[in-house]
Amino acid sequence: MAVLQKIRQRSALLIVVIGFCLFAFIAGDVFTKGNFGKSSNDVGSVNGKDIPFEDFRIKVSNVEKSQQGVTPTAAANRVWDQEVSIALLMTEFEKLGLRAGAKHIMEVLKADQNIGKNPMFLNEVGAFDEGKFKEAIKSNPQIAEYLKTAEKDAELNAKYQMYATMIKAGSYTTESEGKLKYEMEANKVNFAYVAGLYSTIKDSDVKVSDDEIVAFMKKNEKKYKADESREIEYVLIEDKASPEDEAEIKAKINGLLTGSVVYNTKTGKNDTLPGFRSATNVVEFVNSNSDIPYDSTYVAKKDLPAVDADKLYNLAPGEIYGPYMFGKYYCLSKSLGRKVGVNAKASHILISYEGTQVPNQKEKRTKEQAKAKAEEVLAQVNANPDSFMMLAFTASDDSSSQQGGDLGFFGPNQMVKPFNDFVFGSPIGKVGLVETNFGYHIIKVTDKQDGIRLATVAQKIEASEVTSNKIFEQATKFEMDANEKDFAKTAAAMKLTVAPPVTVKAMDESFGPLGNQRSIIQWSFQDDTKVGAVKRFEVANVGNVIAKVKKANPEGLMAIDLVRSYVEPILKNKKKAELIKAKMTGSSLDAIAKTSGAAVQQAIDVTMENPVLTGGVGQEPKVVGNAFALSAGKLSAPIEGNTGVYVVKNNSTVKAPVLKDHTAYVAKLKAQSAGDFNRVMPALKDKAEIKDNRKQFNY
């Protein structure tokens, strides 16, 4: 049972599928989370194949249980991505007739450390024993039941490995492609050109209508496809302290300076309680009167509240400063003394060796070689202390080498013990050699900071009950009025500010600057929430949010307002191109330059691999491609480029020497295409018919 429990707690066969983790969902207890949603049988479908809601709910529950801090919505989104990916892959596996044999599945199971390295399944020499594994399944029904799920995931993993191998094996680079790559890098063209830049025509002189933007998006529908969304505007009425509340809190904390008299019900007499100035047990006083408990840490000046840092740092022992504001608190601080060297600053040069967990090793060394190298570097530093920075640049295996070895300031025990002990036990300027599990360090102590220990009474500045009631009344009044009148005018009449609209999708959690406000988003997508609907939400530690659904964008093309800044310049350049072309008349470049008001310019030794025109023009592949296509002395028609309209004349094309072997260029292309497999899943999703019903359910 202990072994089974360990497997249940730790085992997870991770199947990497284009950035999605296909989790091995462990069958656990089904639990009910209130009203999880409507009585629908499925949460969506992929190419007509349903994803049953009950199975989906269990998997969401398992993700929530296994990953601390994950929200129900985040878990649902993660499981949805996984389910879509699995459904698409399973279809591909079936089309290809992929089958995973028992041996392949066993190899996948063995790759799971909690199975393949489990003592229960190992032989005398510590190797996985398939016989023991099968015997355990036979003799323990609970392990057998668990492994049914594990085997299903292992089978999926095995098929995925075959699928990935097939795609990668089917992707290759030919000799002809390598030759083309070489020619694109090595062939050069020299040409003269006249450029009519788009920037020469004012944007205000070219108009683009909304209909034209929509027509452009329809031609590029996949690129501008949008999920269903809502635009929500809102008013935030913060639950914050009034000036009267602040004055009361300040007076209260001021009163803590001196003693107070309270009636003692046990003795029937008045007791005089000491104030902060005369308290003998400062720690107890702070913990009894402060909203933030006592902290015994010595604090460097740089870590004190910026506005009051000088005065706090220079307090004499027993002296009190305040009240002062720090964030949302009124504070009183008493000095409990200073301490030298609470923080230290150091630089180091790390010489690592094979076996250490250091990713930036400049060369391979044995431990003995590393020690000899470190002693050599130490001798160089001692002989010339000013060489430390340069030696860190050239010799250190740590990423801090780019800063000359500088590690900045750090506190006690932030570094590994030998390093920490040397730095905090040595004076400024001390240089020494220390060994840690990262290798050998040549360390130079460059600075230290003193610190002060403060006993601070802090009381939060927050709204009183009276103020909170007034805020609630204001918020409910605004909600009622806004349901009957114009939202913006109602806000203006009550001297409230309407925040810019926030656009959200059905399964979003984040609501603009207010962060995670899932309840507002859920409300906006409910069937009975229409455009213009208004509702108030109480948001903890924020206040009252009165939200209005300003617009409902159906699934389809993106909203014009969202794409205008990108599409409008493209369409304006198209119109500018026609105006520029009309001016580019003439049978020679000089004539065209004259009619268009531009100069004839020269491009020297330009390649298709780097089709850049100088003078701040930038990349112009169509222009350079046309120049290559022309024979010497020939003039092109006007070419619409990235930055303007061009007419070019080929002066000469310089062909690269013929190579017999293009292996190096084939290798370059292979390296560039190494990640092409990652495009498979987006392509499958793009072609699939995916129906998402998640908005009908509550997460």
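Basis of the calculations
Residues numbered from 1 in each chain as written. Predicted model: local features only at pLDDT ≥ 70, side-chain atom pairs only at ≥ 80, totals over all residues. Heavy atoms only, no water. Helix = DSSP H or I, 4+ residues; strand = E, 2+ residues; numbered from the N terminus. Rg over C-alpha atoms; globule rule 2.2 N^0.38 Å. Buried < 20%, exposed > 50% of the residue type's maximum accessible area, 1.4 Å probe, protein only. Contact = heavy atoms within 4.5 Å. Polar contact = N/O pair within 3.5 Å; in protein donor to acceptor, adjacent residues only side chain to side chain. Pairing = 2+ DSSP bridges. Axes fitted to C-alpha atoms, helices over the stretch in contact; angles between N-to-C directions. Phe/Tyr/Trp six-rings, centres within 6.5 Å; stacked < 30°, edge-to-face > 60°. Parallel < 35°, antiparallel > 145°, perpendicular 65-115°, else oblique. Nonpolar A, V, L, I, M, F, W, Y, C, P; charged D, E, K, R; others polar. Expected span 1.5 Å × (residues − 1). Core = buried A, V, L, I, M, F, W, Y, C linked by side-chain atoms within 4.5 Å. Salt bridge = Lys/Arg side-chain N within 4 Å of Asp/Glu carboxyl O. Bend = angle between axes of the 7 residues up to and from the residue. pLDDT = per-residue confidence, 0-100. Left-handed = near helix turned anticlockwise from the far one by under 90°. Patch = residues over 30% accessible without salt bridge, like charges linked within 9 Å, V, L, I, M, F, W, Y side chains within 5 Å. Areas by Shrake-Rupley, 256 points an atom, 1.4 Å probe, with all protein chains shown as cover.

K.L.:
I'd like a description of the overall build of the protein, backed by residues and values.
P.N.:
Across its full length, the protein carries 23 helices and 25 strands. Relative to the globule expectation of 27 Å for 699 residues, the C-alpha radius of gyration of the protein, 36 Å, shows a markedly less compact shape. Principal-axis analysis of the C-alpha atoms gives the protein an extent of 110 × 80 × 70 Å. Burial status across the protein gives 41% buried among its 699 residues. Restricting the contact set of the protein to residue pairs at least 6 apart, pairs at least 24 apart contribute 68%.

K.L.:
Tell me about the side chain of Arg-230, and please be specific about residues and values.
P.N.:
Note on placement: Arg-230 falls in strand β7 (residues 229–238). Here Glu-228 takes part through its side chain, which lies 2.9 Å from a polar atom of the side chain of Arg-230. Once residues lying within four places of it in the same chain are set aside, the contact partners of Arg-230 are Val-502, Thr-503, Val-504, Ser-524, Phe-525, Val-549, Lys-551, Ala-552 and Asn-553.

K.L.:
So, the sheet that holds β7: which residues are in play, and what are the values?
P.N.:
Pairing is antiparallel in the open sheet, where 4 strands are placed in the order β16-β7-β18-β17. Of all strands in the sheet, those bounded by a partner on one side alone are β16 (498–505) and β17 (534–539). Between one strand axis and the next, the sheet turns through 35 degrees on average, direction left out of account. Pairing analysis gives 6 bridges linking β17 to strand β18 (residues 543–553), with the strands arranged antiparallel. Within the sheet, the bridge partner assigned to Lys-535 lies in β18 and is Ala-547.

K.L.:
Help me get a handle on the packing of aromatic side chains, residues and values and all.
P.N.:
Here the structure, examined in full by the defined rule, presents 19 aromatic pairs. Look at Phe-276 and Phe-285: their rings are 5.4 Å apart centre to centre, the planes differ by 20 degrees, and that puts the pair in the stacked class. On the basis of relative accessible area, Phe-276 is assigned to the buried category, the value being 0%. In this structure Phe-285 comes out as buried when scored by relative accessible area, which is 10%. Measuring from ring centre to ring centre gives 5.3 Å for Phe-478 and Phe-487, while their planes differ by 70 degrees; the resulting arrangement is edge-to-face.

K.L.:
Lay out the packing of helix α4 (residues 102–111) against helix α7 (residues 141–170) with the relevant residues and their values.
P.N.:
Running from amino to carboxyl end, α4 crosses α7 at an angle of 105 degrees, the nearest separation of the two axes being 8 Å. Relative to α7, α4 is oriented roughly perpendicular. On α7, the residues that touch His-104, Ile-105, Val-108 and Leu-109 of α4 are Ala-150, Glu-151, Ala-154, Glu-155, Asn-157, Ala-158, Gln-161 and Met-162. When its residues are assigned to classes, the contact of α4 with α7 shows 7 nonpolar, 3 polar and 2 charged.

K.L.:
Just give me the short version of unusual backbone geometry, but keep the residues and values in it.
P.N.:
For residues besides glycine, phi is generally negative; the peptide bonds are generally trans as well. Across the junction of Gly-322 and Pro-323, the peptide omega takes the value 0 degrees, indicating a cis bond. Tracing the backbone shows Pro-323 in strand β11 (residues 320–326). Its identity is not glycine, yet Asn-47 carries a phi of approximately 50 degrees, on the positive side. Relative to the elements of secondary structure, Asn-47 occurs in the loop between β3 (42–46) and β4 (49–52).

K.L.:
For helix α16 (residues 465–484), give the residues involved together with the corresponding values.
P.N.:
In a regular helix each residue adds 1.5 Å, so 20 residues correspond to 28 Å; α16 covers 29 Å between its end C-alpha atoms and thus fits that length. The inward-facing, buried residues of α16 contact β7, α10 (243–255), α17 (487–493), β17 and β18.

K.L.:
Go over the nonpolar core with me, naming the residues and quoting the values.
P.N.:
For soluble globular proteins, nonpolar side chains are generally found buried alongside one another. Ranked by internal contacts, the top residues of the largest apolar core, which has 31 residues, are Val-43, Phe-56, Leu-88, Phe-93, Tyr-163 and Tyr-699. Top contributing element to this core by residue count: helix α3 (residues 72–96), with 10 residues. If sequence neighbours within four positions are ignored, Phe-93 has contacts with Leu-98, Leu-156, Lys-159, Tyr-160 and Tyr-163. Residues Val-502, Val-504, Ile-521 and Ala-547 belong to the second largest nonpolar core, which totals 18 residues.

K.L.:
Tell me about the pattern of salt bridges, and please be specific about residues and values.
P.N.:
Across all of its chains, the model carries 33 salt bridges by this definition. Measuring nitrogen to oxygen at the nearest pair gives 2.7 Å for the salt bridge that ties Lys-417 to Asp-421. One end of the pair, Lys-417, and the other, Asp-421, are both in helix α15 (residues 417–424), 4 residues apart, so they sit about a helical turn from each other. In the salt-bridge network here, residues are joined through shared partners; they are Lys-181, Glu-185, Glu-609 and Lys-668.

K.L.:
Before we move on, could you go through helix α19 (residues 560–583) and cite the residues and values that matter?
P.N.:
Turn by turn, an α-helix covers 3.6 residues, leaving residues three or four places apart pointing in a common direction. Taking 1.5 Å per residue as the helical rise, α19 with its 24 residues ought to reach 34 Å, and the 32 Å between its terminal C-alpha atoms agrees with that figure. Tyr-566 marks the point of greatest bend in α19, at about 45 degrees, and the proline Pro-569 comes within the next four residues. Among all positions of α19, only Ile-560, Val-563, Val-567, Glu-568, Leu-571, Lys-572, Lys-576, Ala-577 and Ile-580 are buried.

K.L.:
Give a description of the confidence of the model for the protein that names residues and reports values.
P.N.:
Averaged over the protein, the pLDDT score is 89; the fraction of residues at 70 or greater is 94%. Low pLDDT (under 50) marks residues 1–39, which in the prediction has 94 contacts with non-local residues, meaning those over four places away or in another chain.

K.L.:
Lay out the pairing of strand β12 (residues 329–351) in plain terms, naming residues and giving numbers.
P.N.:
Inspection of the sheet shows β11 paired to β12 by 5 bridges, in the antiparallel sense. In the sheet register, Tyr-321 faces β12, and the bridge partner there is Ser-333. Across 18 bridges, the pairing between β12 and strand β15 (residues 439–460) is antiparallel. If you follow Lys-334 over to β15, its bridge partner there is Ala-455.

K.L.:
Summarise the sheet that holds strand β23 (residues 639–640); cite the residues concerned and give the values.
P.N.:
Ordered in space as β20-β5-β24-β23, the 4 strands form an open sheet in which the pairing is antiparallel. Each of the sheet's edge strands pairs with one partner strand only, and the pair in question is β20 (600–606) and β23. Inspection of the sheet shows β23 paired to strand β24 (residues 644–654) by 2 bridges, in the antiparallel sense. Following the sheet pairing, Glu-640 is matched in β24 by Val-645.

K.L.:
Now, about the packing of α3 against α7: what can you tell me, with residues and values included?
P.N.:
The N-to-C vectors of α3 and α7 enclose an angle of 70 degrees; their axes lie 11 Å apart at closest approach. By the angle between their directions, the pair α3 and α7 is classed as roughly perpendicular. Seen along the crossing, α3 lies across α7 with a hand that is left-handed. Facing Ile-86, Leu-89, Met-90, Glu-92, Phe-93 and Leu-96 of α3, the residues of α7 in contact are Leu-156, Lys-159, Tyr-160, Tyr-163 and Met-166. Tallied by class, residues from the contact of α3 with α7 come to 9 nonpolar, no polar and 2 charged.

K.L.:
Residues and numbers for a nonpolar patch on the surface, please.
P.N.:
On the surface, Met-389, Met-390 and Phe-393 cluster together into a nonpolar patch covering about 300 Å² of accessible area. By the element assignment, Met-390 lies in helix α14 (residues 388–395). Judged by relative accessible area, which is 52%, Met-390 ranks as exposed.

K.L.:
Pulling in residues and values, what's your account of the environment of His-441?
P.N.:
Residue position: His-441 is located in strand β15. Assessed through its relative accessible area of 4%, His-441 is described here as buried. Residues His-441 and Gln-82, spaced 359 residues apart in sequence, show a C-alpha to C-alpha distance of 46 Å. Those residues within four positions of His-441 in sequence are excluded, and the remaining contacts are His-348, Ile-349, Leu-350, Phe-419, Gly-432, Leu-433, Val-434 and Thr-436. At 3.0 Å, the side chain of His-441 forms a polar contact with the side chain of His-348. At a separation of 2.7 Å, a polar atom in the side chain of His-441 contacts the side chain of Thr-436.

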